[in-house]
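Given next are the chains, with one letter for each unit.
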Amino acid sequence: QQQVKQSPQSLIVQKGGISIINCAYENTAFDYFPWYQQFPGKGPALLIAIRPDVSEKKEGRFTISFNKSAKQFSLHIMDSQPGDSATYFCAASMRSSASKIIFGSGTRLSIRP
Amino acid sequence: NAGVTQTPKFQVLKTGQSMTLQCAQDMNHEYMSWYRQDPGMGLRLIHYSVGAGITDQGEVPNGYNVSRSTTEDFPLRLLSAAPSQTSVYFCASSYRDPTRDSPLHFGNGTRLTVT
């Protein structure tokens, strides 16, 4: 019940296309859903986050879509660029979880020029 | 500000050896944590601390010890290294509880190989 399942494991998208990464969870007590971006040789960094009281959050070319009834959320990258090539992690947490954030298994995204 | 600094960047150990991975942050963050990253497994929480003198276990604490004597430092000790501990280790800090919209700031990792 504490897991966050992420797919696909890897993704190749043409420059200018839309990249979509999906995550699913079981625990309905989760109330915070961040996405982290990691470049090779670096630690992850927060990209965008959402709470379940909204269905969508957009920051520039990055959008989180949230479906509370299906217990799924996804990251959309519009007009994907080679600089977006990185590993993306979804995550989930709840305020009663003693400060723990549960991460998905990661998606390695490659944008072809 | 240097952010979160981890040392060493690379380490090779023999089975049974012990060592300490260092982590320091200069952002006056209350929350600090250690994760390990393995292919196909994502990031798994080893131990975390919500303030100096307070530590708690994460998902995969066995074989690791931590202490938090100061706000700045959060070392991770491997007591008797095993090949299963071969991984990339990340230290992360946050201004407050990261489940309350406070982002985690990660270091650049320590790549550990146990032979």
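The coordinates are above.
Here the structure is a predicted model, which means the values were calculated and not measured. (Residues numbered from 1 in each chain as written. Chains lettered and ligands numbered in written order. Predicted model: local features only at pLDDT ≥ 70, side-chain atom pairs only at ≥ 80, totals over all residues. Heavy atoms only, no water.)

*Asks:* Describe the overall build of chain A, and please don't skip the residues or the numbers.
*Replies:* Within chain A, the secondary structure is distributed over zero helices and eleven strands. Reading the helices (α) and strands (β) of chain A from amino to carboxyl end gives β-β-β-β-β-β-β-β-β-β-β. Summarising its shape, the C-alpha atoms of chain A cover approximately 45 × 30 × 20 Å along the three principal directions. Evaluated residue by residue, chain A yields a buried proportion of 48% over its 113 residues. Within chain A, counting contacts between residues at least 6 apart in sequence, those at least 24 apart form 54% of the total. Carbon and sulfur atoms provide 49% of the accessible area of chain A, an area that totals close to 5400 Å². Across chain A, the 13 positively charged side chains and the 7 negatively charged ones have centroids separated by 6 Å. (Helix = DSSP H or I, 4+ residues; strand = E, 2+ residues; numbered from the N terminus. Buried < 20%, exposed > 50% of the residue type's maximum accessible area, 1.4 Å probe, protein only. Contact = heavy atoms within 4.5 Å. Areas by Shrake-Rupley, 256 points an atom, 1.4 Å probe, with all protein chains shown as cover. Lys, Arg positive; Asp, Glu negative; His and termini not counted. Charge placed at Lys NZ, Arg CZ, Asp CG, Glu CD.)

*Asks:* Requested: an account of the state of the cysteines, with residues and values cited.
*Replies:* Applying the stated criterion across every chain, the model contains two disulfides over all chains. The side chain of A:Cys23 participates in a disulfide bridge whose partner is A:Cys90; the two sulfur atoms lie 1.9 Å from each other. As the torsion about the S-S bond is roughly -95 degrees, the A:Cys23-A:Cys90 disulfide counts as left-handed. Here A:Cys23, found in strand 3 (residues 19–25), pairs with A:Cys90, found in strand 9 (residues 86–92); they are 67 residues apart in sequence, far enough to count as distant. Taken individually, A:Cys23 and A:Cys90 each receive the classification buried, so the pair is uniform in this respect. Between the sulfur atoms of B:Cys23 and its disulfide partner B:Cys91 the distance amounts to 1.9 Å. The sign of the S-S torsion, about -70 degrees, decides the handedness of the disulfide formed by B:Cys23 and B:Cys91: left-handed. Here B:Cys23 is found in strand 3 (residues 19–25), whereas its partner B:Cys91 is found in strand 9 (residues 87–94), with 68 residues between them in sequence. Like B:Cys91, B:Cys23 is buried. (Disulfide = S-S within 2.5 Å.)

*Asks:* Which residues make up the sheet that holds strand 6 (residues 56–59) of chain A, and what values do they have?
*Replies:* Strand pairs in the sheet, formed through backbone hydrogen bonds, run parallel or antiparallel to each other. All names here are of chain A. Spatially, the five strands line up as an open sheet ordered 1-3-8-7-6, and their pairing is antiparallel. The two strands at the open ends of the sheet, each matched to only one other strand, are strand 1 (4–7) and strand 6. Averaged over all pairs of adjacent strands, the angle between strand axes in this sheet comes to 15 degrees, irrespective of strand direction. Relative to strand 3, strand 1 runs antiparallel, the two sharing four bridges. Within the sheet, the bridge partner assigned to Val4 lies in strand 3 and is Tyr25. (Pairing = 2+ DSSP bridges. Axes fitted to C-alpha atoms, helices over the stretch in contact; angles between N-to-C directions.)

*Asks:* Describe the nonpolar core, and please don't skip the residues or the numbers.
*Replies:* Of all hydrophobic cores here, the largest spans 26 residues; its most connected members are A:Val4, A:Phe30, A:Phe33, A:Trp35, A:Phe73, A:Leu75 and A:Tyr88. When contributions to this core are tallied by element, the ones reaching two or more residues are strand 2 (10–14), strand 3, strand 4 (33–38), strand 5 (45–50), strand 7 (62–67), strand 8 (72–77), strand 9 and strand 11 (107–112) of chain A. For this core, the element with the highest residue contribution is strand 9 of chain A, accounting for four residues. If you look at the next biggest cluster of nonpolar residues, it comprises 18 residues, including B:Val4, B:Met19, B:Phe74 and B:Cys91. (Core = buried A, V, L, I, M, F, W, Y, C linked by side-chain atoms within 4.5 Å.)

*Asks:* So what's going on with the pairing of strand 6 (residues 54–57) of chain B? Residues and values would help.
*Replies:* Residue and element names in this part refer to chain B. As paired elements, strand 5 (residues 42–51) and strand 6 share three bridges and run antiparallel to each other. Residue pairing across strands places Gly51 opposite Ile54, the latter belonging to strand 6. Remark: two residues form the turn of the hairpin made by strand 5 and strand 6, two consecutive strands paired antiparallel; Gly53 in that turn has positive phi of roughly 85 degrees.

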